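Spelled out from the first residue to the last, the chains are:
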Amino acid sequence: MSESCSALSSNVRHHFFIDGDWVSSHSDQRHTIVSPSTETPFMTVPLADATDVERAVAAARRAFDQGPWPRLSGTERATYLKRLTHELRQRLPLLAQLWTDQVGAPISFAQKLTPFGASRFEFFASLAEQYEFEDWRSTQRGRACVRRVPVGVAALIAPWNATFPIVSQKIAAALAAGCTMVVKSPPECPFDALIIAECAAAAGIPPGVLNVITAGREAGAQLVQSREIDKISFTGSVATGQWIQRAATDRLARATLELGGKSAAILLDDVDLPAALAALTPFTMPFSGQICFAQTRLLVPRHRHDEIVATYAQIVAGMKVGDPHAPDTAIGPVLNAAQRERVRGYIERGIAEGATLVTGGTGNAGFERGFYVEPTVFSRVTSTMTIAREEIFGPVVSILPYGSVDQAIEIANDSDYGLSGSVYGRDEERAFEIACRLRTGNVGINGVEIAPNVPFGGMKRSGIGREGGREGLEAYLETQAVFVPGAA
Ligand code: NAD
């Protein structure tokens, strides 16, 4: 067992959190967590079955229909959220360590990003205090109270790659809105949401409001199909998102989908190259490229192609690949053997389709053990190549040359995805105009940023709906109008 796992409470290690209690799984199914850096199994965790799903959903339903939570004011809910945030902050070092142990994220990356999870709770607490949950409007007969009420019981489903920030964003917004919920953690990364449950219990959030189970596909599908679930918030792959959207449509449940990406970074001809690459490089293959908004296509002016390729490839070749627990590691392993083979398959495809392999390749970066893939850069890539079209979810970046700015925009938009993107140039006004022509949910100028008060999400096949900001709260609200006769 790793150090971080031995620091977990026995409840988090062995149980689910249902109706305010730490309960054993009904099934005897277990998932073995394998260290991506050593390939050794270090922990087994219980998996939910249909009975566990039913128990969790029933608890959330009761808490919504009969409990106090949906009926509290925004300010009252904010008090609980602030207490939860305080508890969570004390556990951030543990959550960072777990991110590294469970799925192999470099520790420096995990330590930088875990505070974002806590800041989501802080943001939604302050939004719950300020948000206008109702307003009055005059009508012909008198007036109407337009109420923004919680949508009901939410199913929150997160992927393994960035479970803590993703699940924090979902839980914080759903709690602020007054929803009750069942969180389905991914088996590869089961502890993060259970630690949040521990914080929720310490903060005094009423039983049944937040329920957490760990489950694979089958039990996840049962959760999505439950008629007691009013809203699904899903983050994961396009294929699963499509399935969930169909299941939700069948009974007209609400669904927010945060899916994959193939984001483009456009370097303009007036780019300050050292500054641009310093800002951009950490986002090109963050966590070995296993982050949805990784800027995996670099679009560069044709006349500066060779210069940019040489500079970027030199930076990538100098990144320290190795044990994700080491503080100076930039690139750790990918999740598992299947993921490594998938990424290697894409690299082989890139070579076969005629892209130029500049650095990296299908090697194991010199490691006998661990699911390592060499950080890889391709140049002279065209939009029709598979490596430019599909989400690889590995440390592979494609550099595509363009002629005019119009052509750069066309290439950037020539994608099924539309999650993120960025534009680099000295003239920020021009960069802004170009950014506005990209068909993606988020675009950064001279850098990449995600902020709790700003909506995040995708266009096209990158998803439906937004998380974060007011928009993220409103995704958990329904509108009700109550008409009252008499003088306005
Ligand atoms: P995945 O779709 O395989 O799984 C995501 C989650 O859904 C897991 O918890 C899984 O157990 C669950 N699941 C699988 N089938 C299900 C079903 N039928 N019903 C209910 N739940 C089900 O994705 P993954 O491999 O875990 O994650 C990687 C993907 O997630 C990538 O495509 C990545 O781009 C995407 N992602 C998107 C964002 C975003 O914000 N847009 C953020 C992170 C990751």
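It should be noted that the structure appears before, not after, this text.
Residues numbered from 1 in each chain as written. Predicted model: local features only at pLDDT ≥ 70, side-chain atom pairs only at ≥ 80, totals over all residues. Heavy atoms only, no water.

Caption draft 1: Inspection of a negative patch on the surface at higher detail. There is a patch of like negative charges on the surface, built from D427, E428, E429 and E433. Along the chain, the position of E429 falls in helix 16 (residues 428-436). Residue classification places E429 among the exposed residues on the basis of a relative accessible area of 64%. (Patch = residues over 30% accessible without salt bridge, like charges linked within 9 Å, V, L, I, M, F, W, Y side chains within 5 Å. Areas by Shrake-Rupley, 256 points an atom, 1.4 Å probe, with all protein chains shown as cover. Salt bridge = Lys/Arg side-chain N within 4 Å of Asp/Glu carboxyl O. Lys, Arg positive; Asp, Glu negative; His and termini not counted. Charge placed at Lys NZ, Arg CZ, Asp CG, Glu CD. Helix = DSSP H or I, 4+ residues; strand = E, 2+ residues; numbered from the N terminus. Buried < 20%, exposed > 50% of the residue type's maximum accessible area, 1.4 Å probe, protein only.)

Caption draft 2: Here's a closer look at the nonpolar core. Counting residues in each nonpolar core, the largest one holds 101 residues, and the members touching the most others are L84, I171, L175 and L267. For this core, the leading source of residues is helix 6 (residues 107-130), giving eleven residues. Two domains each provide a minimum of three residues to this core, namely domain 1 (3-259) and domain 2 (264-450). For L175, the residues in contact, after removing those within four places along its chain, are W69, R77, L81, L84, F121, M181, I205 and V209. A59, I157, A248 and A253 belong to the second largest nonpolar core, which has 31 residues in total. (Core = buried A, V, L, I, M, F, W, Y, C linked by side-chain atoms within 4.5 Å. Domains from an automatic or database assignment. Contact = heavy atoms within 4.5 Å.)

Caption draft 3: Representation of the sheet that holds strand 22 (residues 477-485) within the structure. Overall, antiparallel pairing links the three strands, which are arranged 5-6-22 in an open sheet. Every interior strand has two partners, whereas the edge strands, strand 5 (134-138) and strand 22, have only one. Here the average twist between neighbouring strands, direction ignored, is 25°. Relative to strand 6 (residues 142-150), strand 5 runs antiparallel, the two sharing five bridges. Following the sheet pairing, R137 is matched in strand 6 by A144. (Pairing = 2+ DSSP bridges. Axes fitted to C-alpha atoms, helices over the stretch in contact; angles between N-to-C directions.)

Caption draft 4: Helix 10 (residues 238-250), seen in detail. When the terminal C-alpha atoms of helix 10 are compared, their 18 Å separation across 13 residues agrees well with the 18 Å that a helix rising 1.5 Å per residue should span. All of the buried residues in helix 10 are V238, G241, I244, A247 and A248. L252 sits one or two residues past helix 10 and shows a positive phi near 60°. (Expected span 1.5 Å × (residues − 1).)

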